[in-house]
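Each chain, written out:
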Amino acid sequence: MKRLKTLCGAVALASTVALTACGGSGTGSGVAQSGGDLVMARADEATSLLPSVPTDNASIWVIEEIYDTLTVPDQSGKSVQPSLATSWTQSPDKLSWTFHLRKDAKFTNGKAVTSADVKFSIEQNQKSDAPFSFIDTVITKIDTPDAATVVFHTKKPWSPLPADMALYANSIVPADYGGKSATEFAKHPVGSGPFKFASWSKGSSLKIVKNAKYWRKGLPHLDSVTFTTVPDSNTRATQLASNQIQINEYPSNSSIKTLKAQPNLTVNMFPSSEIDYLSMNVRRAPFDDVNVRKAISLAIDKKAILQAVYYGHGTLAGGFLSPTTWAHNASIKPVPHDVAAAKAALAKSSHPHGFTTTIMVGSGSQDSSSEAQLVQGDLAKIGIKVKIKTLDPSAESTAKHAGNYDMAFGLYTTDIVDPDEIARFAGTYDGGSNTLYSGYKNSKMDALAATASSSSQQSERKAAYDKMQQIIADNVPYIPLFYVPGIYSYGKVKGFHPAATGNYFLEKVQLTK
Amino acid sequence: MLRWFARRLLLAIPVVWGVVTISFFMMHLAPGDPARTALGEKASNASVAALRHQWGLDQSMPLQYLNYLKQLVHGDLGTSVYYHAPITSLMAQRLPVTIILVVLSAILTMLISVPLASRSATHPNGIAAVAVRLFNAVVQGAPTFFIGAMLILFLGVRIAIFPAGGYPADIGGRAWALVLPALTIALGTVPIMVRGLRAAMIESYGSEYVAFARSKGLPERPIRYGYVLRNAGISGVSILGIQVGALASGALVIEQVFAIPGMGSMLMTGILNRDYALVQACTLVFGLLVVVVYLGTDLAYARLDPRARLS
Amino acid sequence: MTATDAAAIARTAITPPSRKSRVWAPAWMRRHNLQLWIGAGMLGLMVLAAIFAPLIAPHDPTTPDAAHALLPVSADHLFGTDNLGRDIFSRVVYGARSDLTIAIVAVVAPFVIGLAFGIVSGYFGGWFDSIMMRLADIVTAFPFFILVIALVFLMGNGALSIFIAITCVSWVAYARLVRGEAMVLRNKEFVAACQASGISTIGILVRHFVPNVVSQAIVYAMSDIVMNVGVIVTLSYLGLGITPPTPDWGSMMAGGQQFLAGGFYGMTLFPAGAVIWTSLALSFLGDGLTHQLRIDR
């Protein structure tokens, strides 16, 4: 899911400043209670609750509470479990998937969830202007033989389909939006999820209440959840300390130490699929020379950057598929920091004595700016002079997609638990990003990705993904820098455990006394 | 009077048109793509193209410009592609916040400036005057965001009198939350105001009228309040009038710093997400605000100073 | 006053009716024009620091040294070190180079443009004047920082963008100021006399108008430089100004914000001090010049 490093340095301004002021207030024994209103503060406000529209986390994580999907990711983010669908099977010719729906699920408008609703919902996300339509393009036709059965026909054998069905954009809405226009429906969304949309006062808060007729009996525990928009991470921290809010999304890196020192707050780092990377434009000289790219990779002191910028919160990255997926290749180790080896690699290249180049950084993020300056210092030691070029995030993304840069930072996360999405996005030229904007083209990568998605043999799939990671590691079109955890601080709360894909599963959360 | 007013309104039209035109072309020429920004990194190029078509961004720029003007003439500000909402309704939520902030900072500007100016006008050679002079230069030199940060640090955190940013739901909390940002903006204007007021007061004290009043034995108090301050008030109003642009501009940066959900933070969001219609609407409203205040200032000026004729 | 004008109001505010109140200093300071000398001295120090930065700065201002991050004030590091281990004193000194250069250079173009437009506008009046003043109104009615930010977006980061952006905006103040002066001069008898003796209009404007209006503009330029410093540091603070790692007071202050909570004030306060020092200097210098150039008489 999309997670932007917040632009406004200004917003972060007040942020850390007040941390020192928030003393912990006494919490009790931590006994779980039923009911109650959970308040969760986040930096950004949701933009839309129509599943096929938004790409921002603030919207996605509310959508996941209001709607159900056919399948859901499990906690580890490695596989999917039944949700609206109780079981699914691939046809013998592997060109279709049949999903059997549960019969006791009802939308909050009282109507049962049927195959017609599923067909309508998936078709919304197939429309060309939907950001995640690329996930569903493999589906050629949707059949509904009866109210409880859906058949997806696919262009080619497609084993990631059950995982694709867990994507928020494939959430199930009532057919024809219950007779309303999409715009009208978005104002009063109706789903079958654990919570029901209650109200949205734009600019300040969004409230969802318990769906009493939720098909998972006994859930949710909470009466309601209120999402407040508090851009300032400092204010969020203060509010958490005074129990005005119970969960604080994304405390800033530099504040974690201070937060941890407070007795009644928990700061937890959940495994996430986020990977930070440094991409090189192999379409341009001298980055077309693999020795140059290897030299850069060896010259960067990743450990020092992790420490100085992330205060050590994260791990050095090896393979480009995150350890949160089963496809992660653990045999690929992070490239060591070795100036002598870097110089040797550069000596073998077309530019043995170095060159001058640029690195693109999104404006407003102090962290990116610091990272760039450290990389600049590291590369200067092997004779590569780097100029930092700052662009605002929108222009930066345009430049990346157009391949109009030399080196650039970025991060990616996966939206579905199957490695297929991210392996294509970050590993293939035609997967949406031209191999993470590097322009690296290798037909072997496409073939491997195709093998992996069509095979239903787990071991065969794993072997293909392992090879893909090895190819990237050998050719270095980009350098995976860090595996970054999802950081949350929270107070009187039990059962909060976001999945690696980000899902909150708030139906399992309880307030404590 | 009516003719004067009508003429002023007519003259405002090219100004507003200019503001609208500049913001239109500035946004459309800036690198960055609203559709890509809205759809995120992973969306396929086909999706981006489909959305660009849906938003009419695949039309030629002159055509888009004409369509925009047409729409504007019909009083339609358009739809924000970031907030997925009509801009008029967004404006209705955000504009009042900014106006309150600007008005509050104007009041604070006067509350701070009048005593400082009057002290340094009445005792021009005293230590106090030197202190005011120094204060003025220091405040003028310190960037607004820095003043904001220091106010947060000291009044919001060390001595936690005010909230360190944010905008609570209740009215009282909101009023309280606006004090520090308003003070920050005000401090940006105070140096100019103090300088202007002080000059005007010294001017008045040296005038024949005051000399005459003194020679007749009138006590200092009525002279100060009845004549000097009244005269200074005229310059105060005119300076405030000119500074309203600066105040509004200051609100823009400061709303970000203090996380106040006004026009400024909305405009910033709009710029970053290349929400063209939203940015254009915001600059238009800012422009109108400034034009209206200038008009108001001239009217006030005419009321306060009978010598000023509205021709 | 004439109706059109926010511009006229602007003039009233900048130029009070009589001018004896313009210099702001106690009598004992005014006697020897102490302000001029104090201002010049303070600015001179800063300029010297900028020129001789390589000799003064004890450390390399740009090379990161993460092992020595966030050190307190010491003999080796007069102002301590920043989060990337660089010497803050050296960075403040080098910051004077980038910030002062742009601030001063960015005054020249608006000064010249404003002077030219102001004189022509004030002398001829008529349609040219109307257009100029509408243009000025548009610039004023446009939120300043949005204009600057948008221009920087358009042209990319860096000194040139800042320079052009500031020019686009700040010529207006000079034009209004000078226009007012020129309107007064136009009606003076010597102008008619010059015209009668066959001196060309350009000759009149260059020989008689420019010298008469320029001192006002110079004094205003002092406070304009202060504003430019403010704009540059604010842009850098928003990440849109001078590109790192070039030392610059604004980006240094921005980088220091998140460390205030941990008690590391140096990263923010020392560059802030440099900004304030510079503006104090220019403010005194402006007053001193007003006095010296006899604008107050």
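Residues numbered from 1 in each chain as written. Chains lettered and ligands numbered in written order. Predicted model: local features only at pLDDT ≥ 70, side-chain atom pairs only at ≥ 80, totals over all residues.

What follows covers unusual backbone geometry. Along the chain, A:Leu219 connects to A:Pro220 via a cis peptide bond; the corresponding omega equals -10 degrees. Mapping A:Pro220 onto the fold places it in the loop between β10 (205-210) and β11 (224-229). Omega for the peptide link from C:Pro244 to C:Pro245 comes to 5 degrees, which places this bond in the cis form. Within the secondary structure, C:Pro245 is located in the loop between α10 (201-237) and α11 (249-256). If you check the backbone angles, A:Val476 has positive phi at about 45 degrees while not being a glycine. By secondary structure assignment, the location of A:Val476 is in the loop between α16 (458-475) and β19 (478-483). Even without glycine at this site, B:His84 takes up a positive phi of about 50 degrees. (Helix = DSSP H or I, 4+ residues; strand = E, 2+ residues; numbered from the N terminus.)

Residues and elements named next belong to chain B. What the domain assignment reports for chain B is domain 1 (21-87) and domain 2 (97-310). The distance between the C-alpha centroids of domain 1 and domain 2 comes to 36 Å. Between domain 1 and domain 2, the residue contacts involve 15 residues of the former and 12 residues of the latter. When residues in the side of domain 1 that touches domain 2 are grouped by element, the largest group, 4 residues, is from helix α1 (residues 2-29). Its residues assigned to classes, the side of domain 1 that touches domain 2 shows 7 nonpolar, 7 polar and 1 charged. (Domains from an automatic or database assignment. Contact = placed C-beta atoms within 7 Å. Nonpolar A, V, L, I, M, F, W, Y, C, P; charged D, E, K, R; others polar.)

Counting residues in each nonpolar core, the largest one holds 251 residues, and the members touching the most others are C:Val148 and C:Tyr174. Here this core takes 18 residues from helix α8 (residues 171-205) of chain B, the largest share from any one element. Beyond its immediate stretch of four places on either side in the chain, C:Tyr174 contacts C:Pro110, C:Phe111, C:Gly114, C:Leu115, C:Gly118, C:Ala217 and C:Tyr220. (Core = buried A, V, L, I, M, F, W, Y, C linked by C-beta atoms within 7 Å. Buried ≥ 20, exposed ≤ 12 C-beta atoms within 10 Å, placed from the backbone.)

Glancing now at the interface of chain C and chain A. Between chain C and chain A, the residue contacts involve 22 residues of the former and 30 residues of the latter. A per-class count over the side of chain C that touches chain A returns 14 nonpolar, 8 polar and no charged.

Here we come to the interface of chain C and chain B. Taken together, the 48 residues of chain C in the interface contact 56 residues of chain B. For the side of chain C that touches chain B, the secondary-structure elements that each account for two or more residues are α1 (6-14), α2 (27-31), α6 (126-141), α7 (144-155), α10 and α12 (266-292) of chain C.

So, on to the pairing of strand β8 (residues 149-154) of chain A. Consecutive side chains along a regular strand alternate between the two faces of the sheet. Residue and element names in this part refer to chain A. Burial along β8 is one-sided: the face carrying Val150, Phe152 and Thr154 is buried and the face carrying Thr149, Val151 and His153 is not. Sheet topology note: the strand β6 (residues 96-101)/β8 ladder contains 5 bridges and is antiparallel. Bridging across to β8, His100 finds its partner in Thr149. With 5 bridges joining them, strand β7 (residues 139-146) and β8 adopt antiparallel strand pairing. In the sheet register, Asp143 faces β8, and the bridge partner there is Val151. Hairpin remark: β7 followed by β8, antiparallel, with 2 residues in the connecting loop. (Pairing = 2+ DSSP bridges.)

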